[in-house]
Amino acid sequence: PSRPSSLMSSPPSPAPAPLLSFRAGRMALSGSTVTADPRRGVVEIRADGDGLTHFVWAPRGGEAEEDLIVFPEEAEWRRV
């Protein structure tokens, strides 16, 4: 039996506006060596509809490559 389209999955909702956004590069750690990614990027901190906080990195003008869920007390900002 066919189902009405309203019962099917809805299209994905647009990403919420970021709480914080800033330009940032990206580094990779291999053993004790840190190497810079040559691409320019942007970091965004977002809160989703479920109350989860996301740390998102994307190349400028591109799709997100990292989307990490951050829980309270499990992450901290540190100067490196």
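None of the values given here were measured: they were computed from a predicted structure.

Novice: When you look at the pairing of strand S2 (residues 26–30) in this model, what are you seeing that I'm missing?
Specialist: Counting buried positions along S2 gives 0 out of 5 residues, so the element sits mostly on the surface. Pairing of S2 with strand S3 (residues 33–37) involves 5 bridges; the strand directions are antiparallel. Along S3, the bridge assignment pairs Ala28 with Thr35.

Novice: Help me understand the packing of aromatic side chains, please; the structure alone is not making it clear to me.
Specialist: Any pair of aromatic rings gets described here by the distance separating the centres and the angle formed by the planes. One pass over the full model with this rule turns up 2 aromatic pairs. On the basis of an interplanar angle of 55° and a centroid distance of 6.2 Å, the ring pair of Phe55 and Trp77 is categorised as tilted. On the criterion of sequence distance, the pair formed by Phe55 in strand S5 (residues 53–59) and Trp77 in the segment after strand S6 (66–70) is long-range, its members being 22 residues apart. Here Phe55 falls in the partly exposed class, since its relative accessible area comes to 26%. Three or more aromatic residues joined by ring pairs form one cluster here, namely Phe22, Phe55 and Trp77.

Novice: It is not clear to me how unusual backbone geometry should be interpreted in this structure. Could you clarify?
Specialist: Apart from glycine, the bulk of residues carry a negative phi angle, and the bulk of peptide bonds sit in the trans form. One non-glycine residue, Glu73, lies in positive phi territory at about 70°. Looking at the element boundaries, Glu73 is found in the segment after S6. Assessed through its relative accessible area of 80%, Glu73 is described here as exposed.

Novice: Explanation requested: the pattern of salt bridges in the structure shown.
Specialist: Opposite charge on two side chains lets them pair, provided their charged atoms get close. This model, assessed by the stated rule, comprises 5 salt bridges. Between Glu66 and Arg26 there is a salt bridge; the shortest N-O distance is 2.9 Å. Pair noted here: Glu66 is in strand S6 and Arg26 is in strand S2, with a separation of 40 residues, a long-range link. Among the residues examined, Arg26 registers a relative accessible area of 23% and is labelled partly exposed. In this structure, Arg39 engages Glu65 in a salt bridge whose closest nitrogen and oxygen atoms are separated by 2.6 Å. With a gap of 26 residues between them, Arg39 in the loop between S3 and strand S4 (41–47) and Glu65 in the loop between S5 and S6 connect regions that are remote in the sequence. Judged by relative accessible area, Glu65 falls into the partly exposed class, the value being 38%. What you see here is one network of salt bridges that share partners, running through Arg26, Asp37, Arg39, Glu65 and Glu66.

About the cut-offs
- Residues numbered from 1 in each chain as written.
- Predicted model: local features only at pLDDT ≥ 70, side-chain atom pairs only at ≥ 80, totals over all residues.
- Heavy atoms only, no water.
- Buried < 20%, exposed > 50% of the residue type's maximum accessible area, 1.4 Å probe, protein only.
- Helix = DSSP H or I, 4+ residues; strand = E, 2+ residues; numbered from the N terminus.
- Pairing = 2+ DSSP bridges.
- Phe/Tyr/Trp six-rings, centres within 6.5 Å; stacked < 30°, edge-to-face > 60°.
- Salt bridge = Lys/Arg side-chain N within 4 Å of Asp/Glu carboxyl O.

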